[in-house]
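Per-entry structural report
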Amino acid sequence: MRNTVLITDAVRNGSNCCSKKEIQQQTNIAWGTMCKVVDSLLAQGYLFARKEEPQGRGRPMIPICINAESAYFLGFDIGASRTRALVCDLNFNVVYKNDTITQRYTDTESFLKWIYEIFDMVIAESHLPIEKFKGIGVSVSGNVDTETGVIVSGGNWGAKWGANIPLGEKLAEYSEVPVFVLTSSTAGVLAEYNFGRWKGRANLVSVGLGVGIGSGVISNDHLLISQPRRPVGYIGHMLIPGNKHTCTCDFVGCLESYSGGESLATVAKELLPDRPGLHSAAALDHAAENGCPEAIEILDTAASYNAVGIASMIQLYYPDALIFYGGQCRKDGYLFNQTLKALEKILPPERLCKFEIGLSNLGSFQGAMGAARIAYEKFF
């Protein structure tokens, strides 16, 4: 990680009251290098030294603080149904939020025009000077080549494999701010690591259960970033024997093609054509809670599929905590609780006792928060 980020994080973690000695102790950066970077951040106005009256003998400690309004980071999260944007200052206070419907993909030009319009709206409504924006992060429900900033596909919002939208390059050109693009699952777990209930745990696995199904990984304090040909956490596209449904990725048998939110609605229409009241994931969940046998059968199957994917992530990464988020993760929801029960049946007891399980406390802007954080890490 960049020294500027390590040092600014140390000041923030020290409640904006750190001496150079304390910064060096937290970061383990060589003293000379640390002093040079701190002095540069002070000169640029990102940090400032608070003057304090001397107490007792000797030189007084000079507390170093973050100038929160000196830099801003924009995070986008393009989801299957909603797209969210937020702006964080250098202290990672959220100073602006926006939530809009995700536009269905038709072509690259229209998609980019829509993104530019959201960017312009953020700048106009936040009333923040564009020159203080140091980076933009974009998290995407889909496949992303983070090395090039290209969205390869976003099946849940209409972009088929091979769409190859050069979002990073084009948005950077339009905004004149550097851009980093990653998957929503990756951004989500980064947000959990930095801001969530299990903040700072060395090994985390987050699982999103919604329209799509995905997972993100922090391993030994490192974010694992997925690539189209080197996927990490793509549990929604694990092939489940016996599942004959076609996924948005055009393969047959993916976990998500049965257990994803829209897929459950399709399954209900196929199996229960005369029960239109059950033709949505939410309706199925409510009916199952109330003992409807048809809904229970559909969701029990979905839970067993979910458990296979989640158990694989646990076996691979040995997390300290397993964090759930997404529209299908309600504390009292039937599918969510059946997924946990199915998971307990698959995993050996000695593995289950090694990690905590819980729901994210970051809300619907989790992905956007992670996107803003990655922009900070890459560009500050």
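Treat the numbers as computed from the prediction; the structure is a model and nothing was measured. (Residues numbered from 1 in each chain as written. Predicted model: local features only at pLDDT ≥ 70, side-chain atom pairs only at ≥ 80, totals over all residues. Heavy atoms only, no water.)

We now examine the nonpolar core. Counting 42 residues, the largest nonpolar core has Ile298, Leu322 and Phe324 as its most contacted members. Looking at this core, the elements that each hand over two or more residues are strand S10 (204–209), strand S11 (213–219), helix H8 (261–271), helix H9 (281–289), helix H10 (293–317), strand S13 (321–325) and helix H11 (334–346). Once residues lying within four places of it in the same chain are set aside, the contact partners of phenylalanine 324 are Val207, Leu209, Ile310, Cys329, Phe336, Leu340, Ile357, Gly358, Leu359 and Ser360. The next biggest cluster of nonpolar side chains, apart from the first, holds 33 residues, and it includes Tyr72, Val87, Trp114 and Val144. (Core = buried A, V, L, I, M, F, W, Y, C linked by side-chain atoms within 4.5 Å. Buried < 20%, exposed > 50% of the residue type's maximum accessible area, 1.4 Å probe, protein only. Helix = DSSP H or I, 4+ residues; strand = E, 2+ residues; numbered from the N terminus. Contact = heavy atoms within 4.5 Å.)

Take the state of the cysteines next. Counted according to the given criterion, the structure contains zero disulfides. Just so you know, cysteine 88 is unpaired, no disulfide at all, and the nearest cysteine sulfur is the one on cysteine 65, 20 Å from it. Here cysteine 88 falls in the buried class, since its relative accessible area comes to 0%. (Disulfide = S-S within 2.5 Å.)

Evaluated as defined, the whole model comprises twelve salt bridges. Across the salt bridge formed by lysine 20 and aspartate 39, the nearest N and O atoms sit 2.8 Å from each other. Here lysine 20 is found in helix H2 (residues 20–27), whereas its partner aspartate 39 is found in helix H3 (residues 31–44), with 19 residues between them in sequence. Overall, aspartate 39 belongs to the partly exposed group, its relative accessible area being 38%. In this structure, arginine 330 engages glutamate 289 in a salt bridge whose closest nitrogen and oxygen atoms are separated by 2.8 Å. Residue arginine 330 is found in the loop between S13 and H11, and its partner glutamate 289 is found in helix H9; the two are separated by 41 residues along the sequence. Taking the relative accessible area as the measure of exposure, arginine 330 reaches 34% and is therefore partly exposed. (Salt bridge = Lys/Arg side-chain N within 4 Å of Asp/Glu carboxyl O.)

This brings us to the environment of tryptophan 161. Relative to the helices and strands, tryptophan 161 is located in the loop between strand S8 (150–153) and helix H5 (167–175). Separated by 100 residues in the primary sequence, tryptophan 161 and glycine 261 have C-alpha atoms spaced 20 Å apart. Beyond its immediate chain neighbours, meaning those up to four positions away, tryptophan 161 contacts Asn143, Val152, Ser153, Pro228 and Arg229.

Glancing now at the packing of aromatic side chains. As enumerated under the stated definition, the model contains 16 aromatic pairs in all. Between phenylalanine 73 and tyrosine 376 the ring centres are 5.5 Å apart and the planes differ by 80°, which places this aromatic pair in the edge-to-face class. Residue phenylalanine 73 is found in strand S3 (residues 72–78), and its partner tyrosine 376 is found in helix H13 (residues 366–379); the two are separated by 303 residues along the sequence. Here the two residues phenylalanine 73 and tyrosine 376 agree in accessibility, since each one is buried. (Phe/Tyr/Trp six-rings, centres within 6.5 Å; stacked < 30°, edge-to-face > 60°.)

The mixed open sheet is built from five strands, whose spatial order is S12-S11-S10-S13-S14. Edge positions in the open sheet fall to strand S12 (222–223) and strand S14 (356–359), since each of these has one partner strand only. Strands in contact with helix H6 (residues 184–195) are S10, S11, S12 and S13; relative to S11, the strand with the most contacts, it is inclined by about 45°. (Pairing = 2+ DSSP bridges. Axes fitted to C-alpha atoms, helices over the stretch in contact; angles between N-to-C directions.)

We now examine the packing of H10 against H11. Two numbers describe how H10 lies on H11: the axes approach to 7 Å, and their chain directions differ by 50°. Classed by the angle they form, the pair H10 and H11 counts as oblique. Two packed elements cross with a definite hand, and for H10 against H11 that hand is right-handed. Contacts between H10 and H11 involve Ile296, Leu299, Asp300, Ala302, Ala303, Ser304, Asn306, Ala307, Val308, Ile310, Ala311 and Ile314 on the former and, on the latter, Tyr334, Leu335, Gln338, Thr339, Ala342, Leu343 and Ile346. Of the residues in the contact of H10 with H11, the class split is 14 nonpolar, four polar and one charged. (Parallel < 35°, antiparallel > 145°, perpendicular 65-115°, else oblique. Left-handed = near helix turned anticlockwise from the far one by under 90°. Nonpolar A, V, L, I, M, F, W, Y, C, P; charged D, E, K, R; others polar.)

What follows covers the packing of H9 against H10. Their axes nearest at 8 Å, the elements H9 and H10 cross at an angle of 115°. One element, H9, and the other, H10, form an angle in the roughly perpendicular class. Classified by chirality, the crossing of H10 by H9 is left-handed. Facing H9, whose interface residues are Leu284, Asp285, Ala287 and Ala288, H10 presents Ala295, Ile296, Ile298 and Leu299.

Moving on, we come to the environment of glutamine 26. As for its position among the elements, glutamine 26 is in helix H2. The exposure class of glutamine 26 is partly exposed, given its relative accessible area of 41%. Between the alpha carbons of glutamine 26 and leucine 343 there is a distance of 38 Å; along the sequence they are 317 residues apart. Those residues in contact with glutamine 26, other than ones at most four positions away along the chain, are Ala10, Asn13, Gly14 and Cys18.

In this section: the side chain of asparagine 306. Along the chain, asparagine 306 turns up in helix H10. The exposure class assigned to asparagine 306 is buried, which follows from its relative accessible area of 1%. Contacts of asparagine 306, omitting those with residues within four sequence positions, involve Leu209, Ile213, Leu255, Ser259, Leu335 and Thr339.

Attention shifts here to the sheet that holds strand S4 (residues 82–89). On the basis of which strands lie adjacent, the open sheet formed by five strands has the order S5-S4-S3-S6-S9 and mixed pairing. One side of each edge strand has no neighbouring strand; the edge strands of this open sheet are strand S5 (94–101) and strand S9 (179–183). This sheet shows a mean twist of 15° between the axes of neighbouring strands, independent of strand direction. Summarising the sheet, S3 and strand S6 (residues 133–140) pair through seven bridges and their orientation is parallel. Pairing of isoleucine 78 across the sheet is with valine 140, part of S6. Contacts between H6 and the sheet are confined to S3, S6 and S9, with S9 contributing the most and set at about 100° to the helix.

In short, the description is geometric, and any link to function would need to be established separately.
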